[in-house]
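Below are the chains, spelled out letter by letter.
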Amino acid sequence: MSLRKRIITVFSLFFLLIMTACGNDKPEPETNSNRIVPVVSQHQPTSPMHVKHEIKGKDVFVECIVTGFTFQKGAGHIDVYLNGKKINEVFTAAFVIRGLPTGKHTIRLELVDDGGRKSSLSHEFEVNIS
């Protein structure tokens, strides 16, 4: 086989490989709907502060979405209260409250701006740790 024929053959195979790789078949996501755990969402739809929480054992996973608010040191944070007592200042929108004792607890989240002033936005919810 001449060099020219080999080059044409290799180029043709390469072109064919590229064309078959550019198909419209897209892989389906590998999700298992049985593994999805419902998240408790307690907020008013019109509120600029949306809070979701999920209990896993003795831990409470919390996610806050606040319109127009930045979570970081020097910008703003959340004061976290457990049964009326401040237990933490959090500088992220998602965090975990770990190791709660068995029983009912009230968790209150209060937004604090970069100047250390409490915002009018807060959210309170109850959890039952078993």
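Quick notes on the rules
- Residues numbered from 1 in each chain as written.
- Predicted model: local features only at pLDDT ≥ 70, side-chain atom pairs only at ≥ 80, totals over all residues.
- Heavy atoms only, no water.
- Salt bridge = Lys/Arg side-chain N within 4 Å of Asp/Glu carboxyl O.
- Helix = DSSP H or I, 4+ residues; strand = E, 2+ residues; numbered from the N terminus.
- Buried < 20%, exposed > 50% of the residue type's maximum accessible area, 1.4 Å probe, protein only.
- Core = buried A, V, L, I, M, F, W, Y, C linked by side-chain atoms within 4.5 Å.
- Contact = heavy atoms within 4.5 Å.
- pLDDT = per-residue confidence, 0-100.
- Pairing = 2+ DSSP bridges.

Enquirer: Please give an account of the pattern of salt bridges that cites residues and values.
Expert: Counted according to the given criterion, the structure contains seven salt bridges. The shortest N-O distance in the salt bridge between Arg 98 and Asp 59 comes to 3.4 Å. Residue Arg 98 is found in the loop between β6 (94–97) and β7 (103–113), and its partner Asp 59 is found in strand β3 (residues 59–66); the two are separated by 39 residues along the sequence. Judged by its relative accessible area of 58%, Arg 98 falls in the exposed class. The class for Asp 59 is buried, based on a relative accessible area of 18%.

Enquirer: I'd like a rundown of the environment of Glu 124, residues and numbers included.
Expert: Mapped onto the fold, Glu 124 is located in strand β8 (residues 118–129). Glu 124 sits in the partly exposed class, given a relative accessible area of 46%. Distance from Glu 124 to Thr 106, taken between C-alpha atoms, is 7.0 Å for residues 18 residues apart in sequence.

Enquirer: How would you explain the nonpolar core if you had to name every residue and give the values?
Expert: Membership of the largest hydrophobic core comes to 21 residues, with the highest contact counts inside it found for Val 60, Val 62, Ile 78, Phe 95, Ile 107 and Leu 109. Looking at this core, the elements that each hand over two or more residues are β2 (49–56), β3, β4 (76–82), β6, β7 and β8. Phe 95 has contacts with Val 60, Phe 61, Val 62, Cys 64, Ile 78, Val 80, Val 90 and Leu 109, leaving out every residue within four places of it along the chain.

Enquirer: Quick rundown of the confidence of the model for the chain? Include the residues and the values.
Expert: Within the chain, residue pLDDT values average 79, and 71% of them lie at 70 or more. Across the chain, the element-wise mean pLDDT spans from 50 in strand β1 (residues 40–41) up to 96 in β6. The model gives residues 31–37 a pLDDT under 50, and that stretch makes one contact with residues more than four places away or in other chains.

Enquirer: Please give an account of the environment of Ser 120 that cites residues and values.
Expert: Here Ser 120 is to be found in strand β8. For Ser 120, a relative accessible area of 73% corresponds to the exposed category.

Enquirer: Talk me through unusual backbone geometry; I want residue IDs and the actual numbers.
Expert: A negative phi angle characterises most non-glycine residues, just as the trans form characterises most peptide bonds. With phi around 55 degrees, Asn 83 is a residue other than glycine that occupies positive phi space. Its location among the elements puts Asn 83 in the loop between β4 and β5 (85–90). A relative accessible area of 45% places Asn 83 in the partly exposed class.

Enquirer: Requested: an account of the pairing of β5, with residues and values cited.
Expert: Bridge count between β4 and β5: five bridges; the pairing is antiparallel. For Leu 82, the partnering residue across the bridge sits in β5 and is Lys 85. Between the antiparallel neighbours β4 and β5 lie two residues, among them Asn 83 with a positive phi of about 55 degrees.

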